[in-house]
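Analysis of the macromolecular model
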Amino acid sequence: MIHSVKLAWGINLNGDIKHISEVPNGNKCQCLCIECGGALCANQGEIKTWYFSHQTETNCTGESIIHFLAKKIIENASKNSERIHLPSLKGEEGSYCDLEEWHVEHWQYKNLFLSNYTAKLEVKIDNLIVDVLCTDNITGQTFAIEIYRTNKKDDAAASKFEQNKLMSIEIDLSEVSLDISRSELEERVLKRAPRKWIFNTEYAQLKTKAIEKLKKSINSINAKNYSNFLNHSKSIDTCHWAGRIQIPDLKHEEKSSDYVGNIIEHKCFEPLKITNLTTPLDFDSTKRVAHAMVEINHKAWYDIFYVLGYETDFSYDTPKPHIIAVVGIDDDNNYYSTCKMINIEKWKNKLKLRTQMELANKINSMNEYKQSFSNRSDIDKILFLCSKLNISPPDFSAKQTHIKPYWNASDYVWRMMVYTYHICRYERINCDYISKNKSLKGLLNFPDDEDSRKKRANDIFFWLRDTMAIKGLVYRSYRFHFNINKDSVLKYKINTISDLFK
């Protein structure tokens, strides 16, 4: 059986490469297979595309023919001074200047093609056998050209070109069909087929030059920006500029437990503001840093260093407190600064001690209040709460003065307590939560068994639902939960104790 591979190319008895369109029909073509050397038959019918086929059965695939032809095309092109195009090689290097503007320097390999060159096939260079070695007849520069048909160069093979410092490219003919025409194949090999650099000796140098040029450009831009900032800061009123310099406030937070184990948080702030400012002077031009003095809170003067941009390693070797102001430009081209306070541990420690003392006083005050309140009689508690709410005491002969055991207090007391410590402070309340609230328990000393808790929760629920909801102070959200109407006149102030009853 004759092998079915169809070829468009053969080699005649004189060693000339012939396309199927350039030979007689049938066995008269006197052509051999370029790959296996077997005799070919030219099939030039009127219907099907013309092609060569092997005269005898063979395992030849013809895949290396395109590879062979491509090398010959380059060799012939060099003799005729026809151009062979090189891959494009270009890129860019980018960097931010100090004021966060992005700048780019482009680079590109200048040679786009070879025209006056010599080509040799299958050249051995050390441990490499190059498909085609082209030499530029003007510069003497050599270029290795590898033809990719079926076997692509792996990283190990590609690295050999770099080791030999040999300019090298790869032309991709993997998609070229075996019946391609002569003119189309020449066009593909010399110009249109995908091609890439395997190794370019100028790549690193091009990048390095672009980076160096970019650095010079960035340095020049930074120096100009630095000069502009100095001129600007000298030309404006120092009070106006001081208002645009924001320094962070000092703050500290401490936590402790109250008399029933609730966590009490206490925060302490010390606002810091620049109240006076000197004009910046040139401090260190190599680092683009300007030096001035600032007064904080009308108390003391400190060093301030203006640094352009966020990427900085500037530091000032001193144990004294000072400010590093990172300067930027906003969208309206106005200067602003973000400040860091350095060496202010003493300030922070003082604020920490003050916070701890204030929290301790707060806890002591709460403990004293708890002790004083819980030891009062129910009538004294009513009088105290009425005074706190700035309302007149009730009629003590009323039934609301009856003490409920599960509250350990009268209706007057627990309702004023819930109103004062929950309704006035929050946007929503949960009857179950209030019934077992530790603070209320500490002040009223009520029992914490489950039956007593349920009775307290029911008291709160029915009071809110049947009395305070009708008065517009609360509305039920779901189950034992109520939302507090912040627009109600009773939210923050009651006029008489009767406002808490029907």
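On a predicted model such as this, the values are computed, not experimentally measured, just so you know. (Residues numbered from 1 in each chain as written. Predicted model: local features only at pLDDT ≥ 70, side-chain atom pairs only at ≥ 80, totals over all residues. Heavy atoms only, no water.)

1. Observations regarding a nonpolar patch on the surface
A surface patch of nonpolar side chains, about 320 Å² in accessible area, is lined by Tyr96, Trp102 and Val104. Mapping Trp102 onto the fold places it in strand S8 (residues 102-108). Looking at Trp102, the relative accessible area reads 48%, which means it is partly exposed. (Patch = residues over 30% accessible without salt bridge, like charges linked within 9 Å, V, L, I, M, F, W, Y side chains within 5 Å. Areas by Shrake-Rupley, 256 points an atom, 1.4 Å probe, with all protein chains shown as cover. Salt bridge = Lys/Arg side-chain N within 4 Å of Asp/Glu carboxyl O. Helix = DSSP H or I, 4+ residues; strand = E, 2+ residues; numbered from the N terminus. Buried < 20%, exposed > 50% of the residue type's maximum accessible area, 1.4 Å probe, protein only.)

2. What to know about the sheet that holds strand S11 (residues 128-136)
Strand order in the open sheet formed by 5 strands is S10-S11-S12-S13-S14, and the pairing between neighbours is mixed. The open sheet has two edge strands, strand S10 (117-125) and strand S14 (195-199), and neither has a second partner. Taking the axes of each pair of neighbouring strands and ignoring which way they run, one obtains an average angle of 30° across the sheet. Relative to S11, S10 runs antiparallel, the two sharing 8 bridges. In the sheet register, Leu121 faces S11, and the bridge partner there is Val132. Together, S11, strand S12 (142-148), strand S13 (167-172) and S14 form the strand contacts of helix H2 (residues 155-163), whose direction differs from that of S14 by roughly 65°. Helix-sheet contacts for helix H3 (residues 182-192) involve S13 and S14, and the interaxial angle to S14 is about 50°. (Pairing = 2+ DSSP bridges. Axes fitted to C-alpha atoms, helices over the stretch in contact; angles between N-to-C directions. Contact = heavy atoms within 4.5 Å.)

3. Thoughts on the layout of surface pockets
Gaps left between atoms show up when a probe the size of a water molecule is rolled over them. In this structure, the largest pocket spans a volume of roughly 410 Å³. Residue lining of the largest pocket: 16 residues in total, with Tyr259, Met366, Tyr421, Arg425 and Ser439 positioned closest to the centre. Residue assignment for the lining of the largest pocket shows that the elements contributing at least two residues are helix H6 (345-374), helix H8 (411-423) and helix H10 (438-444). Per element, the largest residue contribution to the lining of the largest pocket is 3 residues, and it comes from H10. Classifying every residue of the lining of the largest pocket gives 9 nonpolar, 4 polar and 3 charged. (1 Å grid on protein atoms, 1.4 Å probe; cavity = no way out; pocket = protein on both sides within 12 Å on 5 of 7 lines; lining within 4 Å. Points joined across faces, edges and corners; volume = space filled by probe spheres on them. Nonpolar A, V, L, I, M, F, W, Y, C, P; charged D, E, K, R; others polar.)

4. Re the packing of aromatic side chains
Applying the stated criterion across every chain, the model contains 18 aromatic pairs. Ring plane angle 45° and centroid distance 6.5 Å describe the contact between Phe143 and Trp197, whose orientation is recorded as tilted. With Phe143 in strand S12 and Trp197 in strand S14, this residue pair connects regions lying 54 residues apart in the sequence. Taking the relative accessible area as the measure of exposure, Phe143 reaches 2% and is therefore buried. (Phe/Tyr/Trp six-rings, centres within 6.5 Å; stacked < 30°, edge-to-face > 60°.)

5. Focus on the environment of Tyr369
Along the chain, the position of Tyr369 falls in helix H6. Judged by its relative accessible area of 25%, Tyr369 is partly exposed. Spatially, the C-alpha atom of Tyr369 lies 94 Å from that of Ile145, the residues being 224 residues apart in sequence. Beyond its immediate sequence surroundings of up to four residues, Tyr369 is in contact with Phe384, Tyr421 and Leu443.

6. Description of the pattern of salt bridges
The final tally for this structure, using the stated rule, is 17 salt bridges. The salt bridge partner of Glu202 is Lys110, with a shortest N-O separation of 3.9 Å. Of the two residues, Glu202 sits in the loop between S14 and helix H4 (203-235) while Lys110 sits in the loop between S8 and strand S9 (113-114), which places them 92 residues apart along the sequence. A salt bridge links Glu187 to Arg192; the nearest nitrogen and oxygen atoms lie 3.8 Å apart. Judged by relative accessible area, which is 33%, Glu187 ranks as partly exposed.

7. A short note on the side chain of Lys491
By the secondary structure assignment, Lys491 is in the segment after strand S28 (481-484). Despite its burial, Lys491 pairs with no opposite charge; the closest candidate is Glu427, at 7.4 Å N-O. Side-chain polar atoms of Lys491 contact the backbone oxygen of Ile423, separated by 2.6 Å. In this structure Lys491 touches Tyr419, Ile423, Cys424, Arg425, Tyr426, Leu473, Ile484, Asn485 and Lys486, once residues within four positions along its chain are discounted. (Lys, Arg positive; Asp, Glu negative; His and termini not counted. Polar contact = N/O pair within 3.5 Å; in protein donor to acceptor, adjacent residues only side chain to side chain.)

8. Brief notes about the sheet that holds strand S3 (residues 31-32)
Ordered by their spatial adjacency, 3 strands build an open sheet running S2-S1-S3, and the pairing between neighbours is antiparallel. Edge positions in the sheet fall to strand S2 (17-19) and S3, since each of these pairs with one other strand and no more.

9. Regarding the packing of helix H7 (residues 378-389) against H8
The interhelical angle for the contact between H7 and H8, taken along N-to-C directions, is 35°, at an axis separation of 9 Å. The hand of the H7/H8 crossing is left-handed. In this structure, H7 contributes Asp378, Lys381, Ile382, Leu385, Cys386, Lys388 and Leu389 to the contact, and H8 contributes Tyr412, Val413, Met416, Met417, Tyr419, Thr420 and Tyr421. (Left-handed = near helix turned anticlockwise from the far one by under 90°.)

10. Here's the deal with the side chain of Asp258
Within the secondary structure, Asp258 is located in the loop between strand S16 (250-257) and strand S17 (263-270). No salt bridge is formed by the buried Asp258. Its closest oppositely charged neighbour is Lys438, at 7.6 Å. A distance of 2.7 Å separates a polar side-chain atom of Asp258 from the backbone nitrogen of Asn262. Discounting residues that sit within four places of it in the chain, Asp258 has contacts with Ile264, Ile363, Met366, Asn367 and Ser439.

11. Comments concerning the environment of Trp463
Within the element layout of this structure, Trp463 appears in helix H11 (residues 450-468). For Trp463 and Lys152, which are 311 residues apart along the polypeptide, the C-alpha to C-alpha distance reads 86 Å. Among all residues touching Trp463, those that are not within four sequence positions of it are Trp414, Arg415, Val418, Ile423, Met468 and Leu500.

12. Concerning the state of the cysteines
Overall, the coordinates contain 0 disulfides when judged by the stated rule. With no disulfide of its own, Cys36 lies 3.7 Å from the sulfur of Cys33, the closest cysteine sulfur. With relative accessibility at 39%, the residue Cys36 sits in the partly exposed group. Free of any disulfide, Cys97 has its nearest cysteine sulfur in Cys339, 20 Å distant. Here Cys97 falls in the buried class, since its relative accessible area comes to 2%. (Disulfide = S-S within 2.5 Å.)

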